[in-house]
Amino acid sequence: MDAFFWAALGLFVLAVAAGGAFLGARVLRAWRAFASLADAAGTSVVQLTNRVDQLAAHGERSTARIHELTEAVERLRKTHARAMVLVGAVAEVQEALRLVRAFVPR
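Keep in mind the model is a prediction, meaning the values are calculated, not measured.

Colleague: Quick one: what's the story with the overall build of the protein chain, residue by residue and with numbers?
Modeller: Looking only at helices and strands, the protein chain has one helix and zero strands in total. Its C-alpha radius of gyration of 45 Å places the protein chain more than 25% over the 13 Å reference for a compact globule of 106 residues. Summarising its shape, the C-alpha atoms of the protein chain cover approximately 150 × 20 × 15 Å along the three principal directions. Within the protein chain, buried positions represent 0% of all 106 residues. Summed over all atoms, the accessible surface of the protein chain reaches about 9,700 Å², with 71% contributed by carbon and sulfur. If the 13 positive side-chain charges of the protein chain are averaged to one point and the 9 negative ones to another, these points end up 10 Å apart.

Colleague: I'd like a description of the pattern of salt bridges, backed by residues and values.
Modeller: Pairing is possible between side chains that carry opposite charge, provided their charged atoms lie close to one another. All told, the structure shown has three salt bridges when counted by the stated rule. E95 serves as the salt-bridge partner of R98, at 2.3 Å between the closest nitrogen and oxygen. A residue pair is termed a helical-turn pair when its members lie 3 or 4 positions apart in one helix, as R98 and E95 do in helix α1 (residues 2-103) at three residues. For E95, a relative accessible area of 36% translates into the label partly exposed.

Colleague: Give a detailed account of the packing of aromatic side chains, specifying residues and quantitative values.
Modeller: Across all of its chains, the model carries two aromatic pairs by this definition. Between F5 and W6, the aromatic rings sit 5.3 Å apart at their centres with planes inclined by 70°, giving edge-to-face as the arrangement. Taking the relative accessible area as the measure of exposure, W6 reaches 54% and is therefore exposed. An angle of 40° between the planes, with centres 5.6 Å apart, marks the rings of W31 and F34 as tilted. Of this pair, W31 and F34 are both found in helix α1, three residues apart, which corresponds to roughly one turn of the helix.

Colleague: Talk me through a nonpolar patch on the surface; I want residue IDs and the actual numbers.
Modeller: A surface patch of nonpolar side chains, about 630 Å² in accessible area, is lined by F5, W6, L9, F12, V13 and V16. Relative to the helices and strands, W6 is located in helix α1.

Colleague: Any details on the environment of H58? Residues and values, ideally.
Modeller: Considering the arrangement of structural elements, one finds H58 in helix α1. C-alpha of H58 to C-alpha of G42: the two residues are 16 residues apart in sequence and 24 Å apart in space.

Scoring rules and cut-offs
- Each chain carries its own residue numbering, running from 1 in the direction its sequence is written.
- Only residues with pLDDT of at least 70 are given local features in this predicted model, and only at 80 or more are side-chain atom pairs given and counted; all residues enter the totals for whole chains, interfaces and linings.
- As a rule here, side-chain values cover all heavy atoms of the structure and leave hydrogens and water aside.
- The way it works is that DSSP assigns letters per residue, a run of H or I at least four long becomes a helix, a run of E at least two long becomes a strand, and they are numbered from the N terminus.
- Radius of gyration: C-alpha atoms only; globule rule: 2.2 Å multiplied by the number of residues to the exponent 0.38.
- For each residue, the accessible area found with a 1.4 Å probe, counting protein chains only, is set against the maximum for its type, and the residue is called buried under 20%, exposed over 50%, and partly exposed in between.
- Each accessible area is a Shrake-Rupley result for a 1.4 Å probe, and residues are judged covered by the shown protein chains and nothing else.
- Under this rule, positive means Lys or Arg and negative means Asp or Glu; His and the chain ends count for nothing.
- Positions of charges follow a simple convention, taking NZ of Lys, CZ of Arg, CG of Asp or CD of Glu.
- The working definition used for a salt bridge is a side-chain nitrogen of Lys or Arg within 4 Å of a carboxyl oxygen of Asp or Glu.
- Here the aromatic set is Phe, Tyr and Trp, taking the six-membered ring for Trp, and pairing holds for ring centres within 6.5 Å; pairs whose planes are under 30 degrees apart are stacked, those over 60 apart are edge-to-face, and all others are tilted.
- Only residues whose relative accessible area exceeds 30% and that form no salt bridge enter a patch; like-charged residues are grouped when within 9 Å of one another, and nonpolar side chains (Val, Leu, Ile, Met, Phe, Trp, Tyr) when within 5 Å.

See below:
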């Protein structure tokens, strides 16, 4: 019975050591996976931050361009209104000339 006890104890110690080695290997593998994930996430965050900065700059440029276009449209409306006044004046002059020509003999 004494030999059986020592054999069982030896098997138990061997099982604990093998389990500890297996657990250590799994923990190391999990840690490496976590570290790899953390590095990838850090890189992704940097890329995302850069893209957000680019989009913010693009938005600012777009806002400035929209303001410029709004001003240009307003100037165009004023110019169109002036042109319509001039067209109306030319039409009045042409009408007056047509009326004068009606009374002038050829």
